[in-house]
Amino acid sequence: MSLVNIELKKKQMIWFFVITFLIILSVLLNIIIGSVHISFSELHQIIVSHDTASTKGFIIWNIRIPRALASVLGGAFLAVSGLLLQVFFRNPIVGPFILGISSGATLMVSFVMLTTLTMGFTFLSPFMTTLAAFVGAYATMMIILSIANRVKSGITLLIVGLMMGYLCHAITSVLIAFAEKEKLKGFVLWQMGSFSGFQWSEIQLMFIAGGIILALIYGLSKPLNAFLLGEEYASSMGVNIRLFRILILLCACALAGMITSMAGPVAFIGLAVPHMVRLCFNTSDNHILIPGCILMGGIITSLCDFIARMAFTPVELPISAITAFFGAPIVLSLLLKRRVTI
Amino acid sequence: MSQSQPLLQVEKLSVGYQNKVVLQNLSFNIEKGEFVSLLGPNGAGKTTLLRTLSRHLSPLAGTVYINQADLKTLTQGHLAKTMSIVLTEKVSPPFFRVWDFVALGRYPHTGFLGKLTPADEKVVMDAVKMVNAEDFLFRDINTLSDGERQKILIARALAQEPQTILLDEPTMHLDLKHRIEVMTILQSLCRDKGISVVASLHDVDIAAKISDKVGLVKDGQIIAWGEPEKILSSTSVAALYDFKDASFNRFLGSIEIKGKGNNGSVFVVAGMGSAAILYRILSKHGFSIVTGVLHENDLDFFVADSLGADCFTQPPMEAISPKNVQKAKKRIAESTCVIDTGFPLGSLNHGNFDLLKTALKMGKPVFSMRKNGDFPQLTPSALGVLFLCNDEAHLVTMIKEKLKEIL
């Protein structure tokens, strides 16, 4: 009987081809175009000879390629994280940051950047920021996980996340009020999020850790599908709800936390991309949505990063502004055209 | 010994939540292929009981056995292959076609990634056919009506290939067509597939006609358990729902709503099923009904009795006795008007014809549905007035008009 879905499957395959092509295109775009002009032949030369010594070689290898890859990976992780949480909470307006992950990270970073805790460590500042964000994101996650064990309904957990967010925000704003002017600017810039300044070591970490987590998540797509009917149906079909709940939250937070700690809070991707993928692929089947989100999240974020970099060079716009500015109308128009309620 | 043990055994079970016992000391068995309806008022604990049977709640005391194994000890996968559920909660995830939705029911049978084998696809298709949903196999489930969606939920439960299905109010929100269809589907699951069905229901009349067993749930316990034919009577149903203005008739298998009777009293001369519909209309319009003389096996008697009418009765196959006629005449004298349903005249009910003539003599208005000319003896005599009516509705309008003129 699967023959009946052939037309849908065909359309989905076409979409996969299209977005895979687009992702390659946008990565190339990000590598070639920038404030320093580099031609195709030069690029070819630099790549083939693995030239990192010359100025242009340095720019390509140590600035543009890491940044292009980071934006693709970051977008993919955020989108998948958002998808997981939307399925988990059975709520379309949920994104990875609704659970207070970004607020936790922001709080810790504000401690590091705005208070005198960093005295004597000024030269370690970028590393300290990443570490602080990491600690903040995962601390929030641990608190939420421990509460998740005790709370029955997903909605209650959602409210717990929101409240955590407000609490962190409150403390951050108090710190801002007392902060010195010079420190404030750095903090505000971090808060806007950016994919600049990624190290190869960070890219490697993202590849390995993120890859493992994504593979795990794909393995969870069967129970994720069952979860679309709600916890009671899922458990009646044989899903171990307790274990599954922990795994989902752990994976979602790990992905979102990793990106937040390295690139700062990047808004909107986690919320919007799953919707775009659902509409494009016309399905709720997580076997398709997970790879779809990885690709689509990658494209959208890397294109947004490109715009953020190039729109008003040499001024770089905050990535969150671009993601929201382009993402919101896209989601709105898709929704209105399809006349569906999600 | 019987060759088969019961599928589900419940022993001294107490169900409820941490601080609150909802039902206690329940013991019953459910056999293979049995249709069990749980009846009872809202909030009696039907859902709590179902949730305990499906292991969404753990029992406060006592044990549930499935195929002689303690429910607690079963693995989740094993339980999923034994039991499936249909809940009242509305589920409609976006971008889901009927086929995909039903296929989710294969969950406990498929491998790690949930890929369907041809055998799985056949089971899904059979489940879809079982609920007559082939026509909308690829519709988005969000475009389905409540009735269609309910059928799909049942198909999904069926795709799990369970031995028992628990349903929480499966006919809620459904129109009559789908209500009957869903119940028929459930019945055929029991008859043809040998699946045990346990459903909480609100339609006592449908439950009585379809179930093998009913359980009456009230006041923290199951007050009765057994065949509906034995258990359901006007008194047990009235007690279950605290009826005052309605009653269940076990012979008719239906519920009659008693009128308020504040619109004056009418005497209906009836018999042989000629007044069943008329009684309901009169009761609905608030007339208090006195009727007679009816044979005790007459359909008219069952309906009139359920509606709480005063009945003069005669044992079956006997001619109406003069004594009964005398008593009835007294009541006619007290009534505001008399109705002749146009009952066929035979040797046993001459007494009723006598009642009509007496009414006219007493000067009572007589409303008759008898076709004019059938009985020339009924032409108006000196005092009474005879009104001829076409049907029940016409008759009620006439009574209301004329009574207004007279009073």
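Residues numbered from 1 in each chain as written. Chains lettered and ligands numbered in written order. Predicted model: local features only at pLDDT ≥ 70, side-chain atom pairs only at ≥ 80, totals over all residues. Heavy atoms only, no water.

## Quick word on the nonpolar core
A general tendency of soluble globular proteins is for nonpolar side chains to be buried together.
Inference 1: Membership of the largest hydrophobic core comes to 189 residues, with the highest contact counts inside it found for Leu39(B) and Leu49(B).
Inference 2: Counting residues per element, this core draws most heavily on helix 3 (residues 55-89) of chain A, at 19 residues.
Inference 3: Core analysis: the next-biggest nonpolar cluster, separate from the first, contains 29 residues, Ile289(B), Leu294(B), Phe387(B) and Cys389(B) among them. (Core = buried A, V, L, I, M, F, W, Y, C linked by side-chain atoms within 4.5 Å. Buried < 20%, exposed > 50% of the residue type's maximum accessible area, 1.4 Å probe, protein only. Helix = DSSP H or I, 4+ residues; strand = E, 2+ residues; numbered from the N terminus.)

## A closer look at the domain arrangement of chain B
Inference 1: The domain architecture assigned to chain B consists of domain 1 (8-241) and domain 2 (258-406).
Inference 2: Domain 1 of chain B and domain 2 of chain B are separated by 47 Å when their C-alpha centres are compared. (Domains from an automatic or database assignment.)

## Describing the interface of chain A and chain B
Inference 1: In this assembly, 32 residues from chain A lie in contact with 34 residues from chain B.
Inference 2: Taking both sides of the interface into account, the surface hidden between chain A and chain B amounts to around 2900 Å²; carbon and sulfur atoms contribute 60%.
Inference 3: Taken as a group, Lys222(A), Tyr233(A) and Met237(A) account for 26% of the area that chain A buries against chain B, more than any other trio of residues on that side.
Inference 4: Our enumeration of links across chain A and chain B arrives at one salt bridge.
Inference 5: Close ionic contact of Glu232(A) with Arg51(B) constitutes a salt bridge, the shortest N to O distance being 2.0 Å.
Inference 6: Listed by contribution, the elements that provide at least two residues to the side of chain A that touches chain B are helix 8 (200-219), helix 9 (221-227), helix 10 (231-236) and helix 12 (269-281) of chain A.
Inference 7: Ranked by residue count, the leading element in the side of chain A that touches chain B is helix 9 of chain A, at five residues.
Inference 8: For the side of chain A that touches chain B, a count of residues per class yields 14 nonpolar, 13 polar and five charged. (Contact = heavy atoms within 4.5 Å. Buried area = accessible area lost by both parts, 1.4 Å probe. Salt bridge = Lys/Arg side-chain N within 4 Å of Asp/Glu carboxyl O. Nonpolar A, V, L, I, M, F, W, Y, C, P; charged D, E, K, R; others polar.)

## A closer look at the sheet that holds strand 7 (residues 164-168) of chain B
Residue and element names in this part refer to chain B.
Inference 1: Taken together, the six strands give an open sheet; going across it, the order is 6-7-8-3-9-10, and neighbouring strands pair in mixed fashion. The open sheet terminates on both sides in strands that have one partner only, identified here as strand 6 (83-86) and strand 10 (221-226). Across the sheet, the mean angle separating the axes of adjacent strands is 15° when strand polarity is ignored.
Inference 2: Against the sheet, helix 5 (residues 146-159) makes contact with strand 6 and strand 7, and its axis sits at roughly 170° relative to strand 6, the strand it touches most.
Inference 3: Running at roughly 40° to strand 9 (residues 213-218), helix 9 (residues 234-241) makes contact with strand 3 (35-39), strand 8 (196-201), strand 9 and strand 10 of the sheet. (Pairing = 2+ DSSP bridges. Axes fitted to C-alpha atoms, helices over the stretch in contact; angles between N-to-C directions.)

## Overview of the packing of helix 8 of chain A against helix 11 (residues 241-263) of chain A
Residue and element names in this part refer to chain A.
Inference 1: Interhelical geometry of helix 8 versus helix 11 gives an angle of 160° and a closest axis separation of 10 Å. Comparing their axes, helix 11 and helix 8 come out roughly antiparallel. In the packing of helix 8 onto helix 11, the handedness of the crossing is left-handed. Contacts from Glu202, Leu205, Met206, Ala209, Gly210, Ile213, Leu214, Leu216 and Ile217 in helix 8 reach Leu247, Cys251, Ala254, Leu255, Met258, Ile259 and Met262 in helix 11.
Inference 2: Each residue belonging to the contact of helix 8 with helix 11 can be placed in one class, and the counts come to 14 nonpolar, one polar and one charged. (Parallel < 35°, antiparallel > 145°, perpendicular 65-115°, else oblique. Left-handed = near helix turned anticlockwise from the far one by under 90°.)

## Here's the deal with the environment of Asp140(B)
All names here are of chain B.
Inference 1: Considering the arrangement of structural elements, one finds aspartate 140 in the loop between helix 4 (118-130) and helix 5.
Inference 2: Of the residues examined, aspartate 140 reaches a relative accessible area of 23% and is grouped as partly exposed.
Inference 3: In this structure aspartate 140 touches Phe95, Phe96 and Arg97, once residues within four positions along its chain are discounted.

## Observations regarding the sheet that holds strand 14 (residues 288-295) of chain B
Residue and element names in this part refer to chain B.
Inference 1: Overall, parallel pairing links the six strands, which are arranged 15-14-13-16-17-18 in an open sheet. Strand pairing shows two members of the sheet lacking a second neighbour, strand 15 (310-314) and strand 18 (385-388), which therefore form its edges. Taking each pair of neighbouring strands and ignoring which way they run, the sheet shows an average axis angle of 20°.
Inference 2: Sheet analysis places strand 13 (residues 265-269) next to strand 16 (residues 337-340), joined by four bridges and oriented parallel. Residue valine 269 lies in a different strand from strand 16, and its bridge partner there is aspartate 340.

## Quick word on the pairing of strand 1 (residues 8-17) of chain B
Residues and elements named next belong to chain B.
Inference 1: Counting buried residues along strand 1, seven of its 10 residues qualify, which places the element largely inside the surrounding structure.
Inference 2: Two strands pair when backbone bridges link them, and strand 1 and strand 4 (residues 61-66) are joined in this way by five bridges, in the antiparallel orientation. Each residue of the ladder has a partner; that of glutamine 9, found in strand 4, is tyrosine 65.
Inference 3: One ladder, built from seven bridges, connects strand 1 with strand 2 (residues 20-30); its direction is antiparallel. Paired with leucine 13 across the bridge in strand 2 is leucine 26.
Inference 4: Linking strand 1 back to strand 2 in an antiparallel pair, the connection comprises two residues.

## Considering the pattern of salt bridges
All names here are of chain B.
Inference 1: Here the structure, examined in full by the defined rule, presents 23 salt bridges over all chains.
Inference 2: With its nearest N and O atoms 2.9 Å apart, the salt bridge here joins aspartate 120 to arginine 106. One end of the pair, aspartate 120, is in helix 4; the other, arginine 106, is in the loop between helix 3 (98-103) and helix 4, and 14 residues separate them in sequence.
Inference 3: According to the relative accessible area criterion, arginine 106 is buried, its value standing at 4%.
Inference 4: When the shortest N-O distance is used, the salt bridge between glutamate 334 and arginine 331 registers 3.4 Å.

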